[in-house]
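Structure at a glance
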Amino acid sequence: MRTKNTIIYSLISTFFLIFLISIWKILATLQGLNINSFNIEVLFILGILISLAHLGIGNRIKLIYKSIIFSSVFVFCDGYLIQKLPIWYNVGVFLILYFFSYKIGKYSFIVLKEEHSTQVILFEFLTLFGILFFSFVILFPFYMMLVTSFKTQIALLVNPLDFSINFGQDIKDLFKSYFVIFKSYKFGKYILTSTIVSVGTVIITLLFAIPAAYAVARLNFFGKTFLSTSILIIYMFPAIVLVIPLYTIFSQLGLRNSIEGLLIVYTATTLPVAIYMLQGYFKSIPKELEEAAILDKLSWFGIITKIIIPLSIPAISSVALYVFMIAWNEFLFSLMFLDNPNTFTLSRAIQYLSGDAETPRQYLMAGSVVVTLPVLFIFVYFEKYLVSGLTAGSVKG
Amino acid sequence: MNDTLANTEKKTAYILTLPAVLLVFAIILFPIFANVWISFKEVELKDIRIPEPRAKKIVKSISNEPSKIKILYKLRNSSLLQEIRDVSFKDNFPKNFEIENLDSRCEYIKSSLKCEFGNWPAKYKENFQVIFSTKDGSKIDKKSLKSIKPKLDGKSDNILLNTNFTLKNFKKVLFENEFVDLLLTTFYYTFFGTVGSIIFGILTAQMVNQKFYGRTFMRSVLLFPYVAPVVALAYTWELLLDPNSGTLNSLLLNYQIIETPINLLGQKYIEIGIFGFDFKLRLALTTVIMFEIWRYFPLAFLFILARLQAIPKELYEAADVDGASPLQKFFNITLPQIMAVISILFMIRFIWNFNKFEDVFLLTGGASGTRTLPINVYQQGFAISDIGMGSAVSIVIVLLLLMFMFFYFRLLGKRVDEN
């Protein structure tokens, strides 16, 4: 039992180590270092040796010293085997090894003897692996988007793997792609259009949704259940089936290529979810407050503006942020309705840019950074509100 | 007293909900019905424009005669296909104007020129000329004349409103459009995208539900692909996967894992040999599904995490006392607890993936075996310009969707009964 556990432990930890070092090597390669092999065989032997040595030494040496010794040995072997690499690469390897030795520090022969210890070890390493794997898989495209926007066409052609940014150069050269898209491609105007459309959608949606949600949450009327179920069903209906009729109708009414047209469509598509989210919150407000207000002869309008709205600021801001993000990210309708560059939104403008095969990729990526940053900024800053909105809104996407 | 209160309540409710209901009706429900109408018609993109009678006004002075002026109207029918009936024309002039040559179709009353041009066939063009002089012989100001625009009016058939119906579109959808292939592709895309995103959602939720340093940060990061604009993400992926100088291919070549670049988004099939069997994998479709999973697993993650956090701790403590292994705990406690969320997620994601347009459109444009039904709507309607066909495909989508929803609500109903 002990041997089996020991073998499994050393294999799992070795695979984890290989994964860590490989990611580091990929990132180093993308900084222009010439690394042509992962040296998996060497890593494997070193990993097994380190994890076994760790068990063998046990508590005879303090964990810190042990980790430093292991890391130094590994860095020495790795540096000796691979060609000369800059010092920062070796520092990185050292830190990874230190982290790794520290993580395996809690395992000993005693732990391995416990019941289910292999599964426990497996789960612990899988969690660590998962955290790193998902962080890498998710952040890597965003990272590439950002660094590509700082490169030049020629540099990328010379070495497609060198994404190192030269911070020594002039600010103007560094941000060249951004200057170009704002100057030659009028991205300032597109940002303005996108902002007007998104903020406008938020305002109109709230104006329509707050009264409707209040009625659904509080008042009794014929057709109420029908209304609240149809809200959800309508929300399930796809935009793609609306496109052709809306296109024909908007063409005949002359609403294509206009911000008004977009505002109408965005409002209508976000209304159901806004009503759904708001009425859920309104129901949680105690009824007694309104009853007191009715005794004070406050009208319905007064109740909504003086009681309901002040009490549900968190829910309203959550809906507002959520609707803003939907409108900002929307692509399908802006593709269908806008074909005049003067009325483009950001998303549509980037798609238009990419339609020209001559457009250098760094401009495309600079545009992508410009459209992504505001959304990510809002998301990180207001995460608490938005997460509740996302789960309540549940289905948009 | 009570009755009147209930009545005012009703009235208020209708007033409060009416604007929202009307807007949603006009923009969402009405188009769905309009789709049915259009799908039974032979309409092309160019038929949508309503034919208009147009006139371009050109003012010319006549040499040596400053008190006279020649006005040329270039009349035409804007449509290349349809005739316009009973075209009427009206233009106004200053009060001191007199007309020199009156066309038989026109009359000049109270300084306005009115004409009845009758019917204009498609592509009709005419140069219509009138000469004016001032009564008092004063000089004519060309600019003020130009600023007055003539008004034209006419009747034309709106091809969308007539009652010629045909079943041609549906026949084409079913028999000429590689319908089975289309359905299969859509199904693969939807099913594997949904299942994949739920599996990744479970894994990540399980992961974040444990205590580790930087957990809240991890939770935000996991949601990035879901909240970022699809345009930016799709183009970034395209650059990463590009066969010529994309980062992924360059990396794989650099590490000598592959010998020639793989065109992940442009190649329909790839041959894979496993255990001596040769499989044909639909490569571009698989890549598109990967993107889909990458972009939408955060939603599953969020839902499942919320559910995981609501599972009572006592269940796990009891399992620990019984000496259950982590795997046993997962299969016997966690999985049954999150099953309900998973089934709802499955249905929601299935419906939404079924209708997904942007992702595939931006990545491949529907080429190399990634043509799904929504992509087909766009291709038929706007690439081939056959609006009727596009509508017919939309109708097929709606019908399939109604079918899913029917099963979904039946299932949901059963679940409610069981509890």
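Residues numbered from 1 in each chain as written. Chains lettered and ligands numbered in written order. Predicted model: local features only at pLDDT ≥ 70, side-chain atom pairs only at ≥ 80, totals over all residues.

Considering the interface of chain A and chain B
- Listed by partner, the interface residues are 84 residues for chain A and 78 residues for chain B.
- Per-element tally for the side of chain A that touches chain B: the top contributor is helix α6 (residues 117–148) of chain A, with 15 residues.
- Taken together, the residues of the side of chain A that touches chain B sort by class into 58 nonpolar, 23 polar and three charged. (Contact = placed C-beta atoms within 7 Å. Helix = DSSP H or I, 4+ residues; strand = E, 2+ residues; numbered from the N terminus. Nonpolar A, V, L, I, M, F, W, Y, C, P; charged D, E, K, R; others polar.)

Some words on the domain arrangement of chain A
- For chain A, the assigned domains are domain 1 (2–148) and domain 2 (180–393).
- Put simply, the middle of domain 1 of chain A and the middle of domain 2 of chain A, counted by C-alpha atoms, are 46 Å apart. (Domains from an automatic or database assignment.)

Here we look at unusual backbone geometry
All names here are of chain A.
- Positive phi outside glycine occurs at K186, with the angle close to 55°.
- For K186, the location among the structural elements is in the loop between α9 (176–183) and α10 (187–218).
- Look at N257: it is not a glycine, yet its phi comes out positive at around 60°.
- Positionally, N257 belongs in the loop between α12 (240–253) and α13 (259–283).

Brief notes about the domain arrangement of chain B
Residue and element names in this part refer to chain B.
- When the domains of chain B are assigned, the result is domain 1 (2–39), domain 2 (53–155) and domain 3 (170–418).
- Placing the centre of domain 1 and that of domain 3 at their C-alpha centroids yields a distance of 35 Å.
- Across the boundary between the two partners, domain 1 contributes five residues, which contact seven residues of domain 3.
- Taken together, the residues of the side of domain 1 that touches domain 3 sort by class into three nonpolar, two polar and no charged.

Focus on the nonpolar core
- If you look at the biggest cluster of nonpolar residues, it comprises 152 residues, and the most contacted ones within it are A:A209, A:V243, A:I275 and A:L278.
- For this core, the leading source of residues is helix α8 (residues 283–309) of chain B, giving 16 residues.
- Leaving out residues up to four positions away in the same chain, A:I275 has contacts with A:A209, A:A212, A:A213, A:V216, A:I231 and B:A20.
- In this structure, A:L43, A:V93, A:F100 and A:I121 belong to the second largest nonpolar core, which totals 19 residues. (Core = buried A, V, L, I, M, F, W, Y, C linked by C-beta atoms within 7 Å. Buried ≥ 20, exposed ≤ 12 C-beta atoms within 10 Å, placed from the backbone.)

Quick word on the environment of A:N5
All names here are of chain A.
- Locating N5 in the fold gives a position in helix α1 (residues 2–29).
- Classification of N5 by C-beta neighbours within 10 Å gives partly exposed; the count is 18.
- Contacts of N5, omitting those with residues within four sequence positions, involve L112, S117 and T118.

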